[in-house]
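Close look at the chain arrangement
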Amino acid sequence: MAFNGHQRDDDDGGIDEDETPTKQLRSEKEPHEPGNEASSSGGRATSERRSSNATPRLRRDSVKKTRPPFPWFGMDIGGTLVKLVYFEPKDITAEEEQEEVENLKSIRRYLTSNIAYGKTGIRDVHLELPDLTLCGRTGNLHFIRFPTHDLPAFLQMGRNKHFSSLHTTLCATGGGAYKFESDFRTMADLQLHKLDELDCLIRGVLYIDSVMSRGPSECYYFENPTDPDRCVQKPYTLENPYPLLLVNIGSGVSILAVYSENNYKRVTGTSLGGGTFLGLCCLLTGCSTFEEALEMASQGESTRVDKLVRDIYGGDYERFGLPGWAVASSFGNMMSKEKRESVSKEDLARATLVTITNNIGSITRMCALNENIERVVFVGNFLRVNTLSMKLLAYAMDYWSKGQLKALFLQHEGYFGAVGALLELLHPS
Amino acid sequence: MSTMAECVRLDSSTSTHTMDKSITLPPDEIFRNLENAKRFAIDIGGSLTKLAYYSTVQHKVAKVRSFDHNTKEASSDKLYEISVQEEVTARLHFIKFENAYIETCLDFIKDHLVNTDTKVIKATGGGAHKFKELIERKLGLRVDKEDEMTCLIKGCNFVLKNIPHEAFVYARHADSEFRFQTTYPEIFPYLLVNIGSGVSIVKVESEDKFERIGGSSIGGGTFWGLGALLTKTKRFDELLQLASRGQHTSVDMLVKDIYGGSYGSLGLTGDLIASSFGKSATADKEFSKEDMAKSLLHMISNDIGQLACLYAKLHNLSRVYFGGFFIRGHPVTMHTITYSINFFTKGEVQALFLRHEGYLGAIGAFLKGAEEDNPNQYSWGENYAGSSGLMSVSPDMNPMQRARSGTFDMLEMDRLERQLVNLPLLLDPSSYIPDTMDLTEDALAREYWLFCFEDALDGVVKRAVASQPDMPEAAERAEKFRHKYRHKLQTLRQQPFAYGSLTVRSLLDTREHCLNEFNFPDPYSKIKQKENDMALKYYQKAVKSLDELGWEERQFALVRGVLAGNVFDWGAKAVSDVLESDPEFGFEQAKRQLEERPWLIDSYDQWFERLKGPPHKCALFFVDNSGVDIILGVMPFVRELLSRGTEVVLASNSGPALNDVTNGELQILTERIAAMDSVIQDGLREDRLTLVQSGSSSPCLDLSRLDKVLANVVRERKTDLVIIEGMGRAIHTNYYAMLSCESLKMAVIKNSWLADRLGGKLFSVVFKYEVPAEKLSPDSAGLSPL
């Protein structure tokens, strides 16, 4: 999505590591409709009201009182994928076990005992966060995804499992929360609590980073990005992260400048994103999945498809400091019939990946310059199992900024919106 | 890898040209003046070649020379003699044609190139390499390659400086698709986004300083290459055709496809593209070629627009020009780029395009080769007679028009004798627009004036022939002139934007250019001579009768004299008949014809009040017609100004236009008047009366392109009053011109249509005295309502 900056500023105090709902008391005093909050955004002032928050004891009392009933879900319905996070409590007492209704048990068992659901649902086991304490409960956080076009099947399952009888609030973000709201109601008798996707994204990123700082690092970067032989992934500590540029690459791309946990703006976006990569690959190569497209790309050679500076100048274009290996025209060689006939599908997939990735890098770099921000965090499902793109981005940031810009990545790539939605359930802002 | 791209024209392998030798070139239309040609330059792109050369053109010019009255050599009673002389002027020729014709064209040039001492041809463009050998063999010239970007920028600076209506914004479906922009007087800094196969973004800060600040690999080559893969359509133009018929919404994932509607909190409407080609990733269906081409076009245009805006913002630039083969006159791409820029800057930056965008490389390469002549020290003007103008390329209107196979597009620029600059007294040079009416936008006015000029054509042809009674082939030339000008009018009827904004001025100038082209440099020379002769005889009498009036009456009589004199115009047939028989009677007749006060625009009272005050330091007077106008109308007025203690600068045309008095004629007239009138004589001797040339050869007046000498004189003399006289200079142009000093615009409306437009009638008077706001004292307020 392409479009201009949007300044965001709400009163949300963010998520604390001790997972106390610091905002709970405040939000009772200042109720506002979460769905509409973004539209009332104003300047970039940070909240200074944290100091007025309640004492720990008071908080603990309120935790119990306000803790929502299980199951705890957070959902992000994007243009291509639905991302679902599910908190599986592991500290269930015998008493609770007895009280737990059968429907709830069945959902828990279904989700935690499988790693694939239906034909297309997948649980990313490697991302699972065990022994997490949330709202005073300990358990595992699961990460599940399935294509948005299979949402009807998901709703059918919800209906079959009598999800609506649990009287839970289903917090959902992403465009689909709006688009499919009525489907949730009519097909599964579920009322969605709709949340702004960018609010959720930022909340999710900050939360996951904070809980992961105790375990293996959530955030990482590539050392020596311009030297393929020495380029290695290294953990990165995202302490004092602000200001940072957050680039979310889903079907389309949104670029946010984040100044504090509740002060951000959408700088711009582009419609050339993950959806474009997959869409073009499907048309050009006949593939049908992201994994397939990536696999092809990994075997192809983009320089047969793209026209490089050296193809035109025989080497570097020194007058303008352009190295010979730089792409002068993406798909430029494809203007020639002979060359069109000589390239493989793999080459085309690779060129598509490189084109889209570099373009995102280019726009990101310009935004970083315009916003005067040096740290860039790339997230979104386009980067899932896509080391190729991550290394390209790392390279592009480093090379064209002469080392000024650092590209950072997060392990939970595409799940932050869903995590943010879950947090909203537990700690309404 | 990387997203940084180079500006390149298309690779030669993409074009499958067959050398077409079958065409024959009409020598009097294409590659003109080759016999005097020198300094060749060539820019060979992916499909088009642009050739540039410099020639000297032998022109007939009418000169006036005063008879030496002391030696009694002048047996006739004529005031001065007129001679037609040959003058050599410099002209730049630029010709654009399809690469297929290169060989034919080179042969043609070789055959027609007579004695040239040219040894080198400057070359630029991606195809220059491919044709190097051919050029060297055919022409025997050494090919000398020049950097493309440097040529492009040099060319861009040149057209922006020398062609007032070079830049335009594109608005599809508007009344006029092309809205021309004033880029004067400061053309720098600007951003040039050149969309070749890749994109180069160049920041230009001055004539010699430019920097490639960025670029993108997603450009015209991506559209073409990816488009060819997706649609199996090989040609770029065909891809654009496909795109213009397609619907991108079936291929792209829109905001509403994700949200079901708009994303309200971010202000993103439902129709915005969230993910280009997003639907082709999920939908299991075939997509039409048209839809895919459209989606691709949007994707690439939006991306380029976005990057351009990011660069413009970072470098704080608001003028962004787009060029390159992706743009080159294609309405589809101009539209999508314009849309993108509007979107990303919320309308703060406008996408600008250039009329001669395709010629920039060739112009630049030529200028590189001509550096020793320093062409940039001169002012150049587009020759409307020899230039093709911007062709309509709207595929909706006429899909076949784009197939320009076999067509040659031309641009000719004349070196102007004088270097042209702004009038230093313009209130805001950057917003000054000379023309009162833009006929490009005003369809009714356009209809009328095109008809009017066509209707007058017979008379112009007759007068042209009559002006050269000794030349038997004049009639034939006059017919050629008729043909050419009529063709221009027809072109302008179809494409009013062909030469920038269509105005009465441009129609008049085009006619002058066409007349010159066929060696009718001054069809009115004899008429002017006769008029001047006659009017001079009555000068003393006129002055005497004015002097007999009291001060107050005289001031009014002087103004009426200027106005009545201005009635004399060869366009106004009613008066011209009596004029020939008895100018004195005619002058009185004209005064009676004048509208009685209150005039249509009437600030005479304010002017009169002003005259009671201290004299002006210096008045600049732009004069109009010969004969009664200048001699019996203007000169007495000037005389009064001089008597008041005001210095006067008389600005007249450098070259002939209709019956306007030229600087050469005015020199002689003034001397003769000085011999009869001590006030004028003293004024000349004491240098309080000065004659300067305007730098123009137009019946209208562009205050942003005036002789540099005039500008200096105006500055040195601390001019505080500008007087503009006549319909061409004060109504067709400059009616709304705002000056930083007092100004007086005087004219009689001698055209009933125009009178009607302005709410008056035939012979209505415009007397517009204006004082700039900050100089306005409270009691002198109340200026003309227009």
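Here the structure is a predicted model, which means the values were calculated and not measured. (Residues numbered from 1 in each chain as written. Chains lettered and ligands numbered in written order. Predicted model: local features only at pLDDT ≥ 70, side-chain atom pairs only at ≥ 80, totals over all residues. Heavy atoms only, no water.)

Time to look at the overall build of chain B. From N to C terminus, chain B includes 26 helices and 25 strands. Each of the 786 residues in chain B was classed as buried or not, and the buried ones make up 62%. A sequence separation of at least 24 residues applies to 75% of the contacts in chain B between residues at least 6 apart. If you sum the accessible surface of chain B, you get close to 29,100 Å²; carbon and sulfur atoms cover 49% of it. (Helix = DSSP H or I, 4+ residues; strand = E, 2+ residues; numbered from the N terminus. Buried < 20%, exposed > 50% of the residue type's maximum accessible area, 1.4 Å probe, protein only. Contact = heavy atoms within 4.5 Å. Areas by Shrake-Rupley, 256 points an atom, 1.4 Å probe, with all protein chains shown as cover.)

It is worth spelling out the confidence of the model for chain A at this point. Confidence in the prediction for chain A averages 85 pLDDT; 84% of positions are at 70 or higher. Every residue in residues 1-59 of chain A is under pLDDT 50, and counting partners more than four places away or in other chains gives 139 contacts. (pLDDT = per-residue confidence, 0-100.)

The next point concerns the pairing of strand S23 (residues 721-725) of chain B. Residue and element names in this part refer to chain B. Of all five residues in S23, five are buried; the element is thus mostly enclosed. Side-chain alternation along S23 places Leu 721, Ile 723 and Glu 725 on one buried face and Val 722 and Ile 724 on a second face that is also buried. Pairing analysis gives four bridges linking strand S19 (residues 618-622) to S23, with the strands arranged parallel. In the sheet register, Phe 622 faces S23, and the bridge partner there is Ile 724. Strand direction decides the pairing type here: S23 and strand S24 (residues 742-748), joined by five bridges, are parallel. Across the sheet, the residue bridging to Val 722 is Ser 743, located in S24. Crossover S23 to S24 through helix H25 (residues 727-732) is right-handed. (Pairing = 2+ DSSP bridges. Right-handed = clockwise from strand over helix to strand, strands pointing away.)

This paragraph deals with the interface of chain A and chain B. Taken together, the 73 residues of chain A in the interface contact 68 residues of chain B. Summed over both sides, the interface between chain A and chain B buries roughly 6,000 Å², with carbon and sulfur atoms accounting for 66% of that surface. Counting across the chain A and chain B interface gives two salt bridges. Between Glu371(A) and Lys313(B) there is a salt bridge, with the nearest N and O atoms lying 3.8 Å from each other. In this structure, the connection of chain A to chain B is made through 21 residue pairs in polar contact (both at pLDDT 80 or more). Broken down by element, the residue count for the side of chain A that touches chain B peaks at 12 residues, all from helix H13 (residues 345-371) of chain A. (Buried area = accessible area lost by both parts, 1.4 Å probe. Salt bridge = Lys/Arg side-chain N within 4 Å of Asp/Glu carboxyl O. Polar contact = N/O pair within 3.5 Å; in protein donor to acceptor, adjacent residues only side chain to side chain.)

This next bit is on the nonpolar core. Core analysis: the biggest nonpolar cluster contains 105 residues, and Phe378(A), Phe409(A) and Phe322(B) have the highest contact counts within it. The dominant element in this core, judged by the number of residues it contributes, is helix H8 (residues 289-314) of chain B, at 13 residues. Excluding residues that lie within four positions of it along the chain, Phe378(A) makes contacts with Val247(A), Ile249(A), Ile360(A), Thr364(A), Leu383(A), Leu393(A), Met397(A), Ala407(A), Leu408(A), Phe409(A) and Leu410(A). Core analysis: the second largest hydrophobic core is formed by 78 residues, Leu244(A), Leu422(A), Tyr259(B) and Ala274(B) among them. (Core = buried A, V, L, I, M, F, W, Y, C linked by side-chain atoms within 4.5 Å.)

All names here are of chain A. This model, assessed by the stated rule, comprises 12 cavities of 30 Å³ or more. For the second largest cavity, the calculated volume is near 130 Å³. Phe 73, Phe 154, Met 157, Gly 158 and Phe 163 are, among the 14 residues lining the second largest cavity, the residues nearest its centre. Contributions of two or more residues to the lining of the second largest cavity are made by helix H4 (102-113) and helix H5 (151-160). The leading source of residues in the lining of the second largest cavity is H5, at four residues. When its residues are assigned to classes, the lining of the second largest cavity shows 12 nonpolar, one polar and one charged. (1 Å grid on protein atoms, 1.4 Å probe; cavity = no way out; pocket = protein on both sides within 12 Å on 5 of 7 lines; lining within 4 Å. Points joined across faces, edges and corners; volume = space filled by probe spheres on them. Nonpolar A, V, L, I, M, F, W, Y, C, P; charged D, E, K, R; others polar.)

What follows deals with the packing of helix H13 (residues 474-494) of chain B against helix H14 (residues 504-517) of chain B. All names here are of chain B. Between H13 and H14, the shortest axis-to-axis distance is 9 Å and the interhelical angle comes to 150°. Considering the angle they form, H13 stands roughly antiparallel to H14. The two elements H13 and H14 meet at a crossing, and its hand is right-handed. Here H13 contributes Phe 481, Lys 484, Tyr 485, Lys 488, Leu 489 and Leu 492 to the contact with H14, which in turn contributes Leu 507, Thr 510, Arg 511, Cys 514 and Leu 515. Taken together, the residues of the contact of H13 with H14 sort by class into seven nonpolar, one polar and three charged. (Axes fitted to C-alpha atoms, helices over the stretch in contact; angles between N-to-C directions. Parallel < 35°, antiparallel > 145°, perpendicular 65-115°, else oblique. Left-handed = near helix turned anticlockwise from the far one by under 90°.)

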